[in-house]
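The primary structure of each chain is shown beneath.
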Protein chains: 2
Amino acid sequence: MAFELTQELIDKIESLIEENRDQQLQTHLEEYHHADIAEVLDELSLDDATYIIRLLGSDQTSEVLMEMDDDDREKILGNLNAKEIAEEIEEMDTDDAADIISELSEDIKTQVISNIRDKEHAENIVELLKYDENSAGGLMAKELIKVNENWSVTGCMTEMRNQAENVTRVHSIYVVDNKGKLKGRLSLKDLITAPSKAEIGDVYIRNVDYVDVHTPGEEVARVMQKYDLEAIPVVDEFGRLVGRITVDDILDFIKEEAEKDYQMAAGISEDVEADSTIWELTRARLPWLILGLFGGLGAVYVMQGFDSALEKYEILFFFTPLIAAMAGNVGVQSSAIIVQGLANDSVKDSLVKRLLKEVSLSIINGTALGLLVIGFGVITSMAFLVSITIAISILSVIIMAALIGTFVPIILNKRGIDPAIATGPFITTSNDILGILAYFYIAKLILNF
Amino acid sequence: MAFELTQELIDKIESLIEENRDQQLQTHLEEYHHADIAEVLDELSLDDATYIIRLLGSDQTSEVLMEMDDDDREKILGNLNAKEIAEEIEEMDTDDAADIISELSEDIKTQVISNIRDKEHAENIVELLKYDENSAGGLMAKELIKVNENWSVTGCMTEMRNQAENVTRVHSIYVVDNKGKLKGRLSLKDLITAPSKAEIGDVYIRNVDYVDVHTPGEEVARVMQKYDLEAIPVVDEFGRLVGRITVDDILDFIKEEAEKDYQMAAGISEDVEADSTIWELTRARLPWLILGLFGGLGAVYVMQGFDSALEKYEILFFFTPLIAAMAGNVGVQSSAIIVQGLANDSVKDSLVKRLLKEVSLSIINGTALGLLVIGFGVITSMAFLVSITIAISILSVIIMAALIGTFVPIILNKRGIDPAIATGPFITTSNDILGILAYFYIAKLILNF
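This structure is a prediction, so every number in the text was calculated from the model and none was measured.

Analysis parameters
- Residues numbered from 1 in each chain as written.
- Chains lettered and ligands numbered in written order.
- Predicted model: local features only at pLDDT ≥ 70, side-chain atom pairs only at ≥ 80, totals over all residues.
- Heavy atoms only, no water.
- Pairing = 2+ DSSP bridges.
- Helix = DSSP H or I, 4+ residues; strand = E, 2+ residues; numbered from the N terminus.
- Axes fitted to C-alpha atoms, helices over the stretch in contact; angles between N-to-C directions.
- Patch = residues over 30% accessible without salt bridge, like charges linked within 9 Å, V, L, I, M, F, W, Y side chains within 5 Å.
- Areas by Shrake-Rupley, 256 points an atom, 1.4 Å probe, with all protein chains shown as cover.
- Salt bridge = Lys/Arg side-chain N within 4 Å of Asp/Glu carboxyl O.
- 1 Å grid on protein atoms, 1.4 Å probe; cavity = no way out; pocket = protein on both sides within 12 Å on 5 of 7 lines; lining within 4 Å.
- Points joined across faces, edges and corners; volume = space filled by probe spheres on them.
- Nonpolar A, V, L, I, M, F, W, Y, C, P; charged D, E, K, R; others polar.
- Lys, Arg positive; Asp, Glu negative; His and termini not counted.
- Charge placed at Lys NZ, Arg CZ, Asp CG, Glu CD.
- Buried < 20%, exposed > 50% of the residue type's maximum accessible area, 1.4 Å probe, protein only.
- Least-squares fit on C-alpha atoms with pLDDT ≥ 70 in both.
- Contact = heavy atoms within 4.5 Å.

Novice: Can you walk me through the sheet that holds strand β1 (residues 145-148) of chain B in this structure?
Specialist: Adjacent strands of a sheet form backbone hydrogen bonds with each other and so pair up, either parallel or antiparallel. All names here are of chain B. Here we have three strands laid out as an open sheet, ordered β1-β2-β3, and mixed in their pairing. If you trace the sheet from one side to the other, it starts and ends with β1 and β3 (182-187), each paired once. Adjacent strand axes in the sheet meet at a mean angle of 35 degrees when their direction is disregarded. Note that β1 and strand β2 (residues 172-176) share four bridges and pair parallel. Bridge pairing in β2 links lysine 146 to tyrosine 174.

Below is the structure:
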């Protein structure tokens, strides 16, 4: 429990590697959980990490590889030959194996697959590679325990003991008919507590949740969360049981999705981490900044169009960052709420009801902020009509920004585009420039310049 | 699998309620999963929902209540008396029961607890109520299967069958010594495959991950994810096994944390959803908008201080929204990356290394954006010195914003404050105003006004 990655530990391992003290290294590393070894390897140089992967048995290293950073793992695999990779693959569950193989280049992929000795394992992996990685087929593993509905409980226990050797964790035992169609499930607990003379057909639970191979990952995650499932069986087009997805894979999936949405809202378009390279970070961040730049240049253009007002109402121009900030902030708030609601499938109100709600909310917020600005105007003895202009503009801009922030994600979602793209810089930039435009039109109307 | 919440279904249930056709309602609802019934109840009026809760048996409704929206559940519980609530509690696992009871007002709480007939259940709940809801103690349930290390495998099977009745899902069997101290674990699979004459002491796994009652929820989530655990035992100060946390509770916890961070980044300070009330939404959103307003007024103040430059360099003032947008966007990007890194415990670089990285990144991005502005200046025949001023300002402001966005969260985190607060409006507003200030100082220096 108390594992901590210290510089001391890394130094020690590095010196053991340098001195080729393999025996000691092995004994030392055996004490650690594979997830801890993965953390150590992520910190070592590529050569040192490869050294350890080669040193340890593939039963241990296959799990270590799975827990490593994708980038670091890819580099290590690049150092290994096809036979070595196949040995690692041999020890992995089919879903992990398929993930790893799909990361390899085409020619290495074929070589690795042909080097897998367990032909059934290889076939299972090849089957999984067919599916989109974000579909149930791409997320599932072939390892599961299935029994025939016609078997007896005792026969089932024996059979299950054999099958269980390949399955790390037994969540459910799936019941199929003679054609392999999924009929129901049985928990290990049910099996243990059932009378040994009973037939499976008498004791299994007929009501079983399942997904098919083409169900999108988001939907699998939603179903598993909603019904608190620890594993879900996957069927093919004919209803035949072909795999199962476990909750730990879905946990990773949910986390990645949440992180992606979060980064999108912050204007980061690729999956980067604090320790990604400068080049990766630039590629993820610069495009959004350029978008913001064009928005800002648009605002310059708008203001140039109104520069006749500059002489008499210079104060109006000082308020443009405030107007832009209000429009931007409200847009991000509204879009974030909608994007999250869409992700959780909890946006149930009708469009009209939602529209009315956003408008009412904006009127409340806009009025409060408008009054504050008028108060500020009084304190700083601003011309009253100018204060009124700014207050009315804030109110209008907030209503506009809230509507854009709400409806752009809804429309994108309806068209099958990820609505998360409409949070962050995209919505901020368009609201900035539209807000400033609206502001000057309102000012022109009221102040008559 | 194919449950869909339709208006038709809701209409049907509403009319059955109106006509008091209890028998039909019951038969109809029995077909649905409790999570589906919860969805229906969330859509019904409070009276109708209460009607159904009273109609169905508490073995079914306790699970329905757990799946409902917090707000809707609270209202229904407000309609029930202490005895009725106690009946629901009686059917719940201790962790769920404690969550529900902690939502009640103090006097109802005592009444409900005294109405629980199963005294051991009541005592367990009272014990759980002692812990902070975000600690391992607050997340754990008392339901678990434990066996003594001195028992035989056969005796253990019998004992386990008895205990298993109270436990919905058996993940692991925990092994304790005579004093109740956690010694190790045993999977159901291990138990089934062990020779029946063996003693538990010979077959259990001594290396068991655990947390103690005071471990924060974030740490529990991190450990369970890192080691792919489906359940983790919780020990007290003396190492005695007192509960276990299952992965489905942690899944909810992780999702809530991710949503909280996401909302914080979008300037939403309370846990709201798309269908929260206008008042709840206002309370969550308005404070951040007021913060933004003060930022904007600060910018007005800054610009008033430089208004002597207005006559000669009015164009400078048109660029303020652009400068503010750049500062804001960069700040949000940098802070989002750091906040996510801190949450994943993956910020391992030293402060100096991180500083160098952010500065290099900002120089690359700032130079690219600066060159674009100079290009824009050439096209629109802007005075060259003004273009240069703006380009240099963008570069400087981006560096500044990146440093603030990176270090404010790190500092907050070191002081034990949730760094997520430093994303979104907070960082945008302070960067807006500091950016505009820096911009005019740089302009003053270069253009000499």
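Back to the text.
Novice: Explain a nonpolar patch on the surface to me, please; I cannot follow it from the model alone.
Specialist: A surface patch of nonpolar side chains, amounting to about 370 Å² of accessible area, comprises Leu351, Val352, Leu355 and Leu356 of chain A. Counting through the fold element by element, leucine 351 of chain A comes out in helix α20 (residues 351-379).

Novice: When you look at the layout of surface pockets in this model, what are you seeing that I'm missing?
Specialist: Here the idea is plain: a probe the size of a water molecule rolls over the atoms and shows the empty space left. Approximately 170 Å³ is the volume found for the second largest pocket. Lining the second largest pocket are Met157 and Arg161 of chain A together with Val153, Thr154, Met157, Arg161, Leu191, Ile192, Ala194 and Ser196 of chain B. Within the residue set of the lining of the second largest pocket, elements represented by two or more residues are α12 (153-164) of chain A together with α12 (153-164) and α13 (188-193) of chain B. The leading source of residues in the lining of the second largest pocket is α12 of chain B, at four residues. A per-class count over the lining of the second largest pocket returns six nonpolar, two polar and two charged.

Novice: Explanation requested: a negative patch on the surface in the structure shown.
Specialist: Residues and elements named next belong to chain A. Negative charge collects at one region of the surface, where Asp69, Asp71, Glu74, Asp99, Asp132, Glu133, Asp252, Glu256, Asp271, Glu273 and Asp275 lie side by side. Counting residues per element, the ones that place at least two in the negative patch are α6 (70-79) and α16 (247-265). Tracing the backbone shows glutamate 273 in the loop between α16 and α17 (278-305). On the accessibility criterion, glutamate 273 (35% relative accessible area) is partly exposed.

Novice: Explain the relation of the copies chain A and chain B here, please?
Specialist: Relating one copy of the chain to the other requires a rotation about an axis plus a shift along that axis. The transform that puts chain A on chain B rotates by 180 degrees and translates by 0.1 Å along the axis, for an RMSD of 0.2 Å. Viewed as a symmetry operation, the transformation between the two copies matches a two-fold axis. Considering only C-alpha atoms, the part of chain A nearest the rotation axis is proline 321 of chain A, at 2.5 Å. Interface residue correspondence from chain A to chain B reaches 100%, placing this contact among same-surface, isologous pairings.

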